[in-house]
Amino acid sequence: MPPHPLAQLDHAHVWHPFTQMRDWLRREPIIIASGQGAVLRDVHGKDYLDANSSIWTNLHGHRHPKINAAIARQLKKISHSSALGLANEPASVLAAKLVRISNSEFQIPNSKAAPRKSGSQFTIRNSQLERVFFSDDGSTALEVALKLAYEFTRRTRKPLGLASARAVQPKFLSLDGAYHGDTIGAVSLGHVDLFHKAYGGMLFATDKVMSPYCYRCPFNRAKPERADARNYRKCNWECVGKVEQKFAAQKKKGNPYAAFVFEPLMQGAAGMIPQPAGWLAQVTDIARSHGALLIADEVMTGFGRTGSVAAVYDRRGFSKQPDGGHRPPLQPLLASHQENVQPDFLCLAKGLTGGYLPMAATLTTQKVFDAFLGEYEEFKTFFHGHSFTGNQLGAAAALASLDILQGEKSIRQRAQLQQQLQDELQTLWALPQVGDIRQVGLVAGVELVKDWRTRAPFALRERAGIRACEAMARRGVLTRPVGNVIVLMPPYCTTRPQLQKMVAALREAVAEIFENKKAPA
Ligand SMILES: Cc1ncc(COP(=O)(O)O)c(C=O)c1O
């Protein structure tokens, strides 16, 4: 059969992101023509499950009637008008809603409880997020946070006695393996050699600090078990000590870090690396005690993706049951809030519009905003913006998505899906090439290794993750690996049979490519 005409066009002209195009051009691509719920349909009418929510963007499934209707309603009015010199309705309403969500206490379904007073154990501490700067995608959301934090620090921080030119050059600290996007500021914060090393000459210097990758942590003295490495680790929180050391060393140089940048609860593109409970609360406390701003990259983790709270961790890492078991699980929409952390900059994108349109937001505090106020001729303005900032269609989609997200049906659905995912994933431990299974809410990473007993990794050139995903695609399930980690991130509308199919496809794919005698049931 000759290739589909669209495949010919694609092969002739389209350059795909993060793709070795020589490999791409060797075979006919899957061409998606439509979608419904968790299903994507190709031009030949074949259905696939969208097991990574269209690269971590989709929340409620494709063609959700409420989001479609909101976009259609907005289309009848106007699609876009500039935010330079003009305001518009959906962007203003969305900004107010994002501010409410990002400062709210945990969302408690059916709760009749009076709002908690500050000082109670669940009240989010620290700064309020009051100002919203819109942009287009995750990278630009980070770029905005970086530039604001940089300039805010330059304007407000007093030199600590060393040569002032050096003292006012703000420095940033981010996590080993971090990925925050592909624009130059975001790449500067990144620490994935494969993606970032080539551009070293274009970047500004940032420091990295150990991230808590329990499965491969040099301080974890536990032998491999058939369980999430966070749960059987034997350590003394050396990773937290490393953060403390890094901040202390930088302070000694007379130029304390301006900001600490992190993905809360789970680092995505680093390899779906989850943080043990209590880590985030501890390291952000350290950062604050050294005067650093907190920049939370919730591009992947935001909007309910990290699921419900089993327990709330106080500042010393002790857990407390948040609701005494009397209420449904708490589902903060932001991962940071699960550890009672409130950043100074909150970066949102991907799921902001439910995954329907490109839009991003960077939220920050009144204090940061005030540092950019002045008479016109003082030129304190934040000279930054994008043509599509505050896009009306995107904002309308985002408002509809947030409505769905806060509705009882979605809250219940997410809690169920999280439990079902946990149950289904257990079946994968039977595979000797499954080294670690790490789930945070509605996202899971399954790390493939040569042998679970040794944790011996596959070399990247063996393409273990890619081959597993190709074998899953043959079974009607689409996802992309991060190195040798297979990502499962179902849309929230995924049904139990669909979830079972996703996990079964992964199980069978691994059994097939590594020729395990029999795919375990
Ligand atoms: C945590 C995180 N931050 C930032 C980005 C960059 O987002 P975008 O691809 O929309 O620019 C990504 C993309 O995967 C991400 O996972």
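Preceding this section is the structure that the text describes.
Fair warning: this is a prediction, and the values are worked out from it, not measured in the lab.

This part covers the overall build of the chain. Per the secondary structure count, the chain includes 18 helices and 20 strands. With 521 residues in all, the chain has 55% of them scored as buried. Of all intrachain contacts in the chain linking residues separated by at least 6 positions in sequence, the fraction that spans at least 24 positions is 71%. As displayed, the chain has an accessible area near 23500 Å², and 55% of this comes from carbon and sulfur atoms.

The next point concerns the packing of aromatic side chains. The tally for this structure, following the rule as stated, stands at eleven aromatic pairs. Taking the centre distance of 5.0 Å and the plane angle of 15° together, the rings of Phe 458 and Phe 514 count as stacked. On the criterion of sequence distance, the pair formed by Phe 458 in the loop between strand S17 (456-457) and helix H17 (464-474) and Phe 514 in the segment after helix H18 (496-513) is long-range, its members being 56 residues apart. Pair check on accessibility: Phe 458 and Phe 514 agree, each one buried. Within the aromatic cluster, the residues linked to one another by ring pairs are Phe 247, Tyr 257, Phe 260 and Phe 262. The ring of Phe 369 has Arg 131 sitting right over it, with the charged end atom 3.9 Å from the ring centre. Above the ring of Phe 372, the side-chain terminus of Arg 155 is found at 4.6 Å from the ring centroid.

A separate point is the environment of Asp 285. With respect to the helices, strands and loops of the structure, Asp 285 is situated in helix H12 (residues 279-289). Residue Asp 285 is classed as partly exposed on the basis of its relative accessible area, which comes to 24%. When the C-alpha atoms of Asp 285 and Val 341 are compared, they prove to be 8.8 Å apart, with 56 residues separating the residues in sequence.

Right, let's talk about the site of the ligand for a bit. Residues in close proximity to the ligand include Trp 56, Asp 137, Gly 138, Ser 139, Tyr 179, His 180, Gly 181, Glu 263, Asp 297, Val 299 and Lys 350, which together make up its full environment. In this structure, Asp 297 approaches the ligand through a side-chain N or O atom, which is 2.6 Å from a nitrogen atom. Interatomic distance of 3.1 Å between a side-chain N/O atom of Lys 350 and an oxygen atom of the ligand. About the coverage of the ligand: the protein hides 84% of its 390 Å² of free accessible area.

Considering all chains together, one arrives at 22 salt bridges under this definition. Between Glu 447 and Arg 216 there is a salt bridge, and its shortest N-O distance comes to 2.9 Å. Note that Glu 447 is positioned in strand S16 (residues 443-451) and Arg 216 in the loop between strand S6 (207-209) and helix H10 (229-232), a separation of 231 residues in sequence. Look at Glu 447 and you get buried, because its relative accessible area is 6%. What makes Arg 216 partly exposed here is its relative accessible area of 30%. Of the charged contacts in the structure, one is a salt bridge between Glu 512 and Arg 475, with a shortest N-O distance of 2.8 Å. Taken together, the residues Glu 512 in helix H18 and Arg 475 in the loop between H17 and strand S18 (477-478) connect sequence positions 37 residues apart.

Along the polypeptide, Gln 498 turns up in helix H18. Its relative accessible area of 18% is what places Gln 498 among the buried residues. Among the polar contacts listed, one links the side chain of Gln 498 to the backbone nitrogen of Thr 495, at a separation of 2.9 Å. Filtering out sequence-adjacent residues up to four positions away, Gln 498 remains in contact with Ala 38, Val 39, Leu 49 and Cys 493.

Parameters and conventions
Residues numbered from 1 in each chain as written. Predicted model: local features only at pLDDT ≥ 70, side-chain atom pairs only at ≥ 80, totals over all residues. Heavy atoms only, no water. Helix = DSSP H or I, 4+ residues; strand = E, 2+ residues; numbered from the N terminus. Buried < 20%, exposed > 50% of the residue type's maximum accessible area, 1.4 Å probe, protein only. Contact = heavy atoms within 4.5 Å. Areas by Shrake-Rupley, 256 points an atom, 1.4 Å probe, with all protein chains shown as cover. Phe/Tyr/Trp six-rings, centres within 6.5 Å; stacked < 30°, edge-to-face > 60°. Lys NZ or Arg CZ within 6 Å of the ring centre and 35° of its normal. Near = heavy atom within 4 Å. Polar contact = N/O pair within 3.5 Å; in protein donor to acceptor, adjacent residues only side chain to side chain. Salt bridge = Lys/Arg side-chain N within 4 Å of Asp/Glu carboxyl O.

Take it as geometry only, folks, not as evidence of what the structure does.
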